[in-house]
Amino acid sequence: MLLVLEQALNGLQFGVMLFLMAAGLTLIFGIMNLVNLAHGALYMMGAYFAATFLAKTGSFPLAVVLALAATLAVGIVTEVVALRTLYERDHLDQVLATFGLILFFNELVAVVWGRAAMYTTLPGWLSGHIQLVGIRYPVYRAVVILVGLLVAALLWVVVTRTRLGMLIRAGATNRTMVAALGVNIRLLYTIVFGFGATLAGLAGLMAGPIYAVQPGMGEQILIQVFVVIVVGGIGSIRGALVGAIVVGMVDTLGRAFLKPMLAVLLWPTAAEKAGPALASMLIYLLMAAVLTFRPQGLFPAVRTR
Amino acid sequence: MTFTPRTIALGVVLVALALVPPVAGMLNQPFYVDLFRRTMIFAIAALSLDLILGYGGLVSFGHAAYLGIGAYAVGVLTYYGIHNGFLQWGLAIVASALVALVIGAVSIRTSGIYFIMITLAFTQMLYYLGLSIEEYGADDGMRLAARSRFAGLIDLRDPATFYYLVLVLLGVFLYIAHRMVNARFGMVLRATKSNEARARAVGFSPYGYKLTAFVIAGAMGGVAGALLVNHTEYLTPEFMHWTRSGEIMFMVILGGMGTLVGPVVGALALLLLEDVLSAWTTHWQMILGPILLLVVLFAKRGLVGLLGDRARDG
C-alpha cells in the first residue's frame, strides 16, 4: 500500500511537469493558433541552462533564476525571428518549420555541450528524504510537486483575475476582435510565447536532476504532452491540468504495477514479456479511448472564429 | 497522360535513375547504387504520404509507422526462418494496412491539430512497442539473417537486381497513384481537401474516402518498409522514430505536394543534400533545420513549383 502511495506521488510529480509543458503549449495554440513542436526544445534548453549555471555559480536558486531568464530570452528570440511569420500559415507549415527548429536546437546543444548525457548534483538541502505518512520520499520530488501545483494556482489567478489574463482569454476566443479593439496583439503574442517558454524552461530545469539531460530529451516529453492535450482538450488550461495528472498517473502506475498485476491475472512469463510493452503503450491507448468517446477531449475550450 | 513539364520531369528523373547502376559501375563507385536505392525506397514512402497529405489534406505526422510495420513484418518472419518474399511482403502489406485502418479510424474522426498530434502519438506508441520487445532486439535491433527470397525469380543479393526491382516498384506505384488521383475516388478525395463542406453538400461522405486513402497509403508505406529492411539488412525501431516521419513529410513538401513527381524529386533532393552535408560536417542537422524552415517560409510550392506548371495532376 505504501508502495502505491509512493508511486502515486511519482505519478503526480510527472503529472505536474507535463502540466507545465502542456499549459504553455495549449495557451500558445489557443491564442496564436500555432502548433509549436519546438516547445520541447525550450524544455531542453531550460535543463541545459540550469545544469550549466549550477556548475558555474554553485548556487541552486541563482541557477534557477538565470536558467529561467535565459530560456525566456531564447524563446523570445525564436518567436521574433522564426515563429512570428508562421501564425497566419496552415498547420502543415507550422509543423514542418518547427520540426526544422528542433533539428537545429538538438544539434546546437550537441555542439555546445556534447552528445553525452549530463547529470546535475543537487545541493544538500534538496537531496535528502522527508518522512511522509510512513514513507521516505525524496525532498526534491516533493518540491517539484509543490512548485508545479503552485504554478498551476498562479496561472489560474493570472488567467482569471488579471487584465493580462482577460486579454489572453479574449484572444483565445476571438483574436481578430481583440486586435480590432486596439490591443497590441503582437505584443500579447510575444508575452504569451515568452510565458509558455518560461514554463517549459521551468519544467526542463526541474527535470534535470531527475532524468538525464541530453539532446532530444525535449521530444520525448513533447509527444507525451500532446497526449495530455488531446486527452484534456485543446486550448483549455483546466483540460491541461486534468489531462496532465491523469496521464502522469497512468504512465507511472502502469510502469510500476502492470507487470505484477498481469503476473497475477495471466501467468508470470507472459507478464514478463507483455508487461513493459503494454506499460509503455498505456497512455496512447488511453488517448485512443478518450478520442473514441469524446473526440474533442475532456474539457474542450469554447472558441468562436 | 499529357506532356506537361511535370510529366517530362518525371520521365527524365526515372530514366536518370535507371542509368545509375551502369554509370556507377563505369565510375567504379558501387556506393551510388546503394544511395539511390535508398532514395527510391524513401520516394515510395513519400509518394504514399503525398496521396493523403497532398491530395487528401490529411497532415499525418506518423508515416514512419508503416515503414516500421513493413520492416518488422519482414524481419520477424525472417527471425522465425521464413524467407519467402511473397509471404513476407504480403504480410507487410496486410499488417501495415490493418494498422493504418485502426489509426485512421480513430484519427480521421478528428481534424487539424488533433489529427497531427494523434498520428504522431500513435507512431510513438509503436516505436516504444518496438523498443520494448526483447525478442526482436528491442532498442539494439537485430540483423536480418537473409534478404527476402522470391523462389529464384528475383535475387535481392545482387545489388543491381535489387536496384531495378525498387525502380520498377516505384514506377508501378507512380502509375497506381496517377490512376487513383485521376479516378472518381481521387476527385472526391481532392474535393474534400479543397472544401469539405462543399463535398458534403453535394452528397459525399468524406470519412470513408479519407480512410480508404489512409489505408492505401499505409499499405504502400509498408512495402517501402519491407524494401528498407532488405536494403539495410537490419531491423531497428529507429525506422519508426518520429524524426523519420518528419523527414518523409519534408520530402513531400520539398519536392512539391499534390504532385506525383514531387515526392520523388523531394526524396532525391533531401537524401542527396543529407549525404553532401554529412560528408562535410557531423553537425549537418544544424544546417538542415534552418534550410527546412526557409523552404517552408519561402518556397511552399516545392522544387516542382519551379517548373511553373499549375496543372493539378501530373
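Our subject is the structure that appears above.
Residues numbered from 1 in each chain as written. Chains lettered and ligands numbered in written order. Predicted model: local features only at pLDDT ≥ 70, side-chain atom pairs only at ≥ 80, totals over all residues.

Undergrad: What is the right way to look at the overall build of chain A in this model?
TA: In terms of helices and strands, chain A carries 12 helices and 2 strands. Reading the helices (α) and strands (β) of chain A from amino to carboxyl end gives α-α-α-α-α-β-β-α-α-α-α-α-α-α. Relative to the 2.2 N^0.38 estimate, which gives 19 Å for 305 residues, the radius of gyration of chain A is 20 Å and therefore close to what a compact globule would have. Seen along its three principal axes, the alpha-carbon backbone of chain A occupies a region of about 65 × 50 × 35 Å. Residues classed as buried in chain A amount to 49% of the 305 residues present. Contacts in chain A between residues at least 24 apart in sequence constitute 76% of all its contacts with a sequence separation of at least 6. (Helix = DSSP H or I, 4+ residues; strand = E, 2+ residues; numbered from the N terminus. Rg over C-alpha atoms; globule rule 2.2 N^0.38 Å. Buried ≥ 20, exposed ≤ 12 C-beta atoms within 10 Å, placed from the backbone. Contact = placed C-beta atoms within 7 Å.)

Undergrad: Would you mind going over the interface of chain B and chain A with me for this structure?
TA: Every contact between the two is made by 35 residues of chain B and, on the other side, 37 residues of chain A. Secondary structure elements with two or more residues in the side of chain B that touches chain A: helix H6 (112-132), helix H11 (242-255) and helix H13 (285-298) of chain B.

Undergrad: Sorry if this is basic, but what is going on with the pairing of strand S1 (residues 129-132) of chain A here?
TA: A regular strand places its side chains so that they alternate between the two faces of the sheet. All names here are of chain A. One ladder, built from 4 bridges, connects S1 with strand S2 (residues 135-138); its direction is antiparallel. Looking at the pairing, His-129 lines up with Pro-138 of S2. Hairpin connection between S1 and S2: a loop of 2 residues separates the two successive antiparallel strands, and Val-133 in this loop has a positive phi of roughly 30°. (Pairing = 2+ DSSP bridges.)

Undergrad: Help me understand H6(B), please; the structure alone is not making it clear to me.
TA: Given 3.6 residues per helical turn, the α-helix brings residues three or four places apart onto the same face. The end-to-end C-alpha separation of H6(B) is 31 Å, in line with the 30 Å expected for 21 residues at 1.5 Å each. Among the 21 residues of H6(B), 18 are classified as buried, and the element is accordingly described as predominantly covered. (Expected span 1.5 Å × (residues − 1).)

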